[in-house]
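Residue-level structural notes
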Amino acid sequence: QVQLVESGGGLVQAGGSLRLSCAASGRLNSIRTMAWYRQAPGKERELVATITPGGSTNYVDSVKGRFTISTDNAKNTAYLQMNSLKSEDTAVYYCNARVNIRVGYDALYWGQGTQVTVSS
């Protein structure tokens, strides 16, 4: 089986930085398309950032210029670098990845979620 394990969340003051990690473990070849979502209390889950196998990235407008999504294929890990954090970034962050299990077979997985809390 494949599991995505998230880490890096925590409590920071506004203006601070955090780096979230999403490590895939189990029998797999590589991480393919990767996305980060977040869900704040009372809010709908929103797509924050995506990265394609070719390295193209997209971000929700509210995080452009502050967040960076990246992958380390050798470690089967994806990251979300979050800078200049604002209180409105407070949410549970989830990674979602298309993982290549073997040739010709990909599967989607979700991380368990990690809490990011930004104090004003």
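Reading the values: rules and limits
Residues numbered from 1 in each chain as written. Predicted model: local features only at pLDDT ≥ 70, side-chain atom pairs only at ≥ 80, totals over all residues. Heavy atoms only, no water. Helix = DSSP H or I, 4+ residues; strand = E, 2+ residues; numbered from the N terminus. Rg over C-alpha atoms; globule rule 2.2 N^0.38 Å. Buried < 20%, exposed > 50% of the residue type's maximum accessible area, 1.4 Å probe, protein only. Areas by Shrake-Rupley, 256 points an atom, 1.4 Å probe, with all protein chains shown as cover. Lys, Arg positive; Asp, Glu negative; His and termini not counted. Charge placed at Lys NZ, Arg CZ, Asp CG, Glu CD. Disulfide = S-S within 2.5 Å. Core = buried A, V, L, I, M, F, W, Y, C linked by side-chain atoms within 4.5 Å. Phe/Tyr/Trp six-rings, centres within 6.5 Å; stacked < 30°, edge-to-face > 60°. Lys NZ or Arg CZ within 6 Å of the ring centre and 35° of its normal. Salt bridge = Lys/Arg side-chain N within 4 Å of Asp/Glu carboxyl O. Pairing = 2+ DSSP bridges. Axes fitted to C-alpha atoms, helices over the stretch in contact; angles between N-to-C directions.

Next up on the list: the overall build of the protein chain. From N to C terminus, the protein chain includes zero helices and 11 strands. In sequence order, the secondary structure elements of the protein chain are arranged as β-β-β-β-β-β-β-β-β-β-β. In terms of overall dimensions, the protein chain is globule-like: its C-alpha atoms have a radius of gyration of 14 Å, near the 14 Å expected for 120 residues. Referenced to the eigenvectors of the C-alpha coordinate spread, the extents of the protein chain come out at roughly 45 × 25 × 25 Å. Here the protein chain holds 120 residues, and the buried ones make up 40% of them. When the accessible surface of the protein chain is split by element, carbon and sulfur atoms take 45% of a total near 6500 Å². Mean positive and mean negative side-chain charge positions of the protein chain (12 and 8 charges, respectively) differ by 6 Å.

Here a disulfide denotes a covalent bond joining the sulfur atom of one cysteine to the sulfur atom of another. Enumeration according to the criterion identifies one disulfide in this entry. Residue pairing for C22: its cysteine sulfur links by disulfide to C95, the two sulfurs lying 2.1 Å apart. Residues C22 and C95 are joined by a disulfide whose S-S torsion is about 60°; by sign, that bridge is right-handed. Residue C22 is found in strand β3 (residues 18-26), and its partner C95 is found in strand β9 (residues 91-102); the two are separated by 73 residues along the sequence.

The subject of this paragraph is the nonpolar core. Counting residues in each nonpolar core, the largest one holds 30 residues, and the members touching the most others are M34, W36, F67, L80, M82 and Y93. No other element matches β9, which puts six residues into this core.

Scanning the model with the defined rule gives one aromatic pair in all. Their ring planes at 50° and their centres at 5.1 Å tell us that Y37 and W110 sit as a pair that is tilted. One end of the pair, Y37, is in strand β4 (residues 30-39); the other, W110, is in strand β10 (residues 105-110), with 73 residues separating them in the sequence. Judged by relative accessible area, W110 falls into the partly exposed class, the value being 38%. The aromatic ring of Y37 is capped on one face by R45, whose charged end is 4.8 Å from the ring centroid.

Applying the stated criterion across every chain, the model contains five salt bridges. We note a salt bridge from D61 to K64, for which the minimum N-O separation is 2.9 Å. Looking at K64, the relative accessible area reads 49%, which means it is partly exposed. D89 is paired through a salt bridge with R66; the nearest N and O atoms lie 2.7 Å apart.

Let us now look at the sheet that holds β3. If you walk across this open sheet you meet the four strands as β1-β3-β8-β7, and the pairing is antiparallel. Lying at the two open borders of the sheet, with one neighbouring strand each, are β1 (2-7) and β7 (67-72). If you compare each strand with its neighbour and ignore which way they point, the axes differ by 15° on average. Bridge count between β7 and strand β8 (residues 77-82): six bridges; the pairing is antiparallel. When the sheet's bridge partners are listed, S70 is paired in β8 with Y79.

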